[in-house]
Amino acid sequence: MDSPNVLLLLTTLSLTVSSAISGSVVEDLANLQPPSDFNTTIMKNCQHNPSLRYCNSSSVDLKEIFKFTIVASHLCNESKNPNCVHSFDKIDLRNRPKIAPLYLSYSFFWKYCPSTIFSIDLSNTSLKGSFPTEVLCCAQIQALDLSVNGLAGEFPIESFSPLTNLTSLNLSYNYFSESKISDSRFFRRFNASSFIHSGILPSHRNFTIKAIFVLVGFPISVIFMVVCFGWLCFQRPDFLPRMFQRKHKFTPSMLRAATNGFSRKNQIVRSEGVEIYKGTLRDGTEVRIEIYRDCISREKRQEFVEECKVLVELRHKNLVQVLGWCSNRNKRAIVTEWTDGETIEMWLSDSAPPWKLRLKILSGVVAGMLYLQENWPEVVSDIRIDSVLLTDNHEPLLSRFQVGDRYRNSKKIHWFGILLLEIITNRRSQEFERGEAGFIEHVRENYPENLHEVIDGRMKLPENIFDQAKHGIELGLMCTDQSISKHPGLDQISHMINKVYESCLELAPQNHKRSHGDGEEQQDDQSKQQKTTPERSETGDTVYNITCSSQWIESAPVVLKMTSSRYYLFKLKISIRSSEVFILSLAKTLEANSRR
């Protein structure tokens, strides 16, 4: 558009709208309508200068062209052109952040950008976002300044191709993405000052920083990651994925975290060299942690680890599950599942449990011992009354184990005999001056005449159940008798206990009749239940005919054999000293006697 056309256009605009148009007109363009003769004015302009952009449009939008003329008039004055009636040479909105975005938003103005404009300056106008490609519609411009803004993203190099007259470009102090513009012919006519801190040109400083990072920082980062991964592997493997965790292996840091730093609140037992804590693992599992603070040799620590590798394989409902171990120079620990139940000793002291529950517990203890004997003979369990735990439904749990010491079966049977006697009598071997020997002697002295003085009177046993308790005492004395060379096996004991337990469940409805009395009545009942008459066998051995209750015979078919209406003891010889009956030694085998 030449000067006469500009003069004609702006003069027409001034006459059409008003002699003084306020800024509010630009802000309210949507409500403005072109005058009735505006189409005639447009046609005259196109006749004088067909190169006007709106003259070449396929479809003429009078309303859009009218808004363009209004914005052009305002923008020319805002840009401080010396004489907008004669010329519109530049758009200068630098340092005017309030109105620059407004004019950029008028796409219809840039669509019909006056061809007389040769310079656009939008520097320091707080422009944000991507490059304003609208200004590139003014393809005839010779200078463009978008410096000191917040423009970012990709720089549209291809869109600059039509700007063949552009000789001055300033994009400094923006945040464009780095571009490889060295191969572009267009940018060869601009020097580096056009792109200072624009992000477009590769920065030597940034390149140096990146090179340092690649050559130094990256290896350091890798080393740091390896160190962190190694620390997690050796200190807190519970933070690693399960595939990287060492199964059953706990570290001191894991135990410290599980017990809140080995706090007193989590401590259950503390004695010389041993501390027991309740802890919670990272996955929420509650555990019992038994810590041994002692210094042992490397060989001993290795033996400890090998033992723990065996213990974690134990699986039985009557064994506490061992979850893992910790082996350190000054600290060893065994981690087991947590059980809220009490020990048998506490259970007997705090309540008066019935005979049926005592049998159930004895049956569970034997089952656990039998599992170890058959599957893990190298593992020995501690079945002392203060070591066996009970669950809420009165299932016994063997909680302490020892690996490598192959005790003879007779020793294990002896331990069970002590446990059996303690459960029936509610007495502890520690109560006697001679310990276990004194406790066993006390029971023998009162067997069988004064058993009411030995058996826990709180059970208030009826006569038929009292017989079971009496034979339980007999079994306990048999298991603890050191004078015989062979004791019943765990499988036989398990069979006896289970049969008596089943019989007890069957007799439970009859237990309300009466409890067993004391004094002469008890002695009469005992004499009715057991009578001994010595006989001489063909081999010359003395065999005693013993009349016993049916429950005992059913419980011990290997020990006793029934002939007509009397019960003959073939495997065991019985010696009677005054009123005391106890087992001395094993006699002829059952098979040899049964053939006779």
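Treat the numbers as computed from the prediction; the structure is a model and nothing was measured.

*Asks:* Can you tell me about the nonpolar core, naming the residues and giving the values?
*Replies:* Grouped together as the largest cluster of nonpolar side chains are 67 residues, with contacts concentrated most on Ile344, Trp355, Val365, Phe401, Phe416, Ile455 and Ile473. Ignoring sequence-local partners within four residues, the contact set of phenylalanine 401 consists of Leu311, Leu314, Leu319, Val320, Val322, Leu372, Val379, Val380 and Ser381. Counting residues in each nonpolar core, the second largest holds 50 residues, with Tyr54, Ile65, Ala72 and Phe195 among its members.

*Asks:* Explain helix 3 (residues 38–48) to me, and be specific about the residues and the numbers.
*Replies:* The complete set of buried residues in helix 3 reads Phe38, Thr41, Ile42, Asn45 and Cys46. End-on view of helix 3: buried residues confined to an arc of 135 degrees, all on one side of the axis. For helix 3, exposure combined with an orientation more than 90 degrees from the buried face picks out Gln47 and His48.

*Asks:* Run through the pattern of salt bridges, naming residues and quoting values.
*Replies:* Following the criterion strictly, the structure yields 19 salt bridges and no others. Put simply, glutamate 303 and lysine 300 hold a salt bridge, and the shortest N to O gap is 4.0 Å. One end of the pair, glutamate 303, and the other, lysine 300, are both in helix 9 (residues 298–311), three residues apart, so they sit about a helical turn from each other. Owing to a relative accessible area of 47%, lysine 300 belongs among the partly exposed residues under this scheme. With a shortest N-O distance of 2.7 Å, glutamate 431 and arginine 427 are connected by a salt bridge. Judged by its relative accessible area of 45%, glutamate 431 falls in the partly exposed class. Judged by relative accessible area, which is 28%, arginine 427 ranks as partly exposed.

*Asks:* Run through the packing of aromatic side chains, naming residues and quoting values.
*Replies:* For the structure on display, the rule yields 14 aromatic pairs. One aromatic cluster is present, formed by Tyr54, Phe68, Phe109, Trp110 and Tyr112 through successive ring pairs. Over the ring of phenylalanine 108 we find lysine 67, and its NZ or CZ is 5.0 Å from the ring centre. One cation-aromatic arrangement involves arginine 293 over phenylalanine 262; the distance from NZ or CZ to the ring centre is 5.5 Å.

*Asks:* Give me the lowdown on the side chain of histidine 414, citing residues and values where you can.
*Replies:* Position of histidine 414 among the secondary structure elements: in helix 12 (residues 409–425). Judged by its relative accessible area of 8%, histidine 414 falls in the buried class.

*Asks:* I'd like to hear about the sheet that holds strand 12 (residues 332–337), residue by residue, with values.
*Replies:* As summarised here, the arrangement of the five strands in space is 8-9-10-12-11, forming an open sheet in which the pairing is antiparallel. In this open sheet, the two edge strands, each paired with only one partner strand, are strand 8 (267–271) and strand 11 (322–327). Strand-to-strand twist across the sheet, computed as the mean angle between neighbouring axes with direction ignored, equals 20 degrees.

*Asks:* Quick rundown of the environment of alanine 333? Include the residues and the values.
*Replies:* Here alanine 333 shows up in strand 12. A residue is classified by how much of its surface remains accessible, and alanine 333, at 0% relative accessible area, is buried.

*Asks:* How would you summarise the UniProt feature "transmembrane region" (unreviewed entry) in the chain if you had to cite specific residues and measurements?
*Replies:* UniProt's entry tags residues 211–234 with the feature "transmembrane region" (unreviewed entry), counted in the numbering of this structure. Each end of residues 211–234 is marked by a C-alpha atom, and these two atoms are 34 Å apart; helix forms 100% of the span and strand 0%.

*Asks:* Can you tell me about the sheet that holds strand 5 (residues 150–153), naming the residues and giving the values?
*Replies:* Overall, parallel pairing links the three strands, which are arranged 3-5-7 in an open sheet. Every interior strand has two partners, whereas the edge strands, strand 3 (128–129) and strand 7 (175–176), have only one.

*Asks:* Can you tell me about the state of the cysteines, naming the residues and giving the values?
*Replies:* Within the structure shown, the criterion is met by three disulfides. A sulfur-sulfur distance of 1.9 Å marks the disulfide that ties cysteine 46 to cysteine 55. On the S-S bond that ties cysteine 46 to cysteine 55, the torsion sits near -95 degrees, and the link is left-handed. With a sulfur-sulfur separation of 2.2 Å, cysteine 76 is cross-linked through a disulfide to cysteine 84. Measuring the twist about the S-S bond at about -105 degrees, one finds the cysteine 76-cysteine 84 disulfide to be left-handed. In this structure cysteine 76 comes out as buried when scored by relative accessible area, which is 0%.

*Asks:* Explain the layout of surface pockets residue by residue, including any values.
*Replies:* Counted as a void, the largest pocket has a volume near 800 Å³. Forming the walls of the largest pocket are 34 residues, and the residues nearest its centre are Val380, Asp382, Arg400, Phe401 and Gln402. Among the elements of the structure, strand 10 (286–292), helix 9, strand 12, strand 13 (379–381), strand 16 (401–403) and helix 12 are those that each provide at least two residues to the lining of the largest pocket. Residue contributions to the lining of the largest pocket peak at six residues, all from helix 9. A breakdown of the residues in the lining of the largest pocket according to their chemical character gives 16 nonpolar, six polar and 12 charged. Estimated volume of the second largest pocket: approximately 600 Å³.

Here is what the cut-offs are and how they apply
Residues numbered from 1 in each chain as written. Predicted model: local features only at pLDDT ≥ 70, side-chain atom pairs only at ≥ 80, totals over all residues. Heavy atoms only, no water. Core = buried A, V, L, I, M, F, W, Y, C linked by side-chain atoms within 4.5 Å. Buried < 20%, exposed > 50% of the residue type's maximum accessible area, 1.4 Å probe, protein only. Contact = heavy atoms within 4.5 Å. Helix = DSSP H or I, 4+ residues; strand = E, 2+ residues; numbered from the N terminus. Arc of directions from axis to C-beta. Salt bridge = Lys/Arg side-chain N within 4 Å of Asp/Glu carboxyl O. Phe/Tyr/Trp six-rings, centres within 6.5 Å; stacked < 30°, edge-to-face > 60°. Lys NZ or Arg CZ within 6 Å of the ring centre and 35° of its normal. Pairing = 2+ DSSP bridges. Axes fitted to C-alpha atoms, helices over the stretch in contact; angles between N-to-C directions. UniProt positions renumbered as here; feature names shortened; annotations may be inferred. Disulfide = S-S within 2.5 Å. 1 Å grid on protein atoms, 1.4 Å probe; cavity = no way out; pocket = protein on both sides within 12 Å on 5 of 7 lines; lining within 4 Å. Points joined across faces, edges and corners; volume = space filled by probe spheres on them. Nonpolar A, V, L, I, M, F, W, Y, C, P; charged D, E, K, R; others polar.

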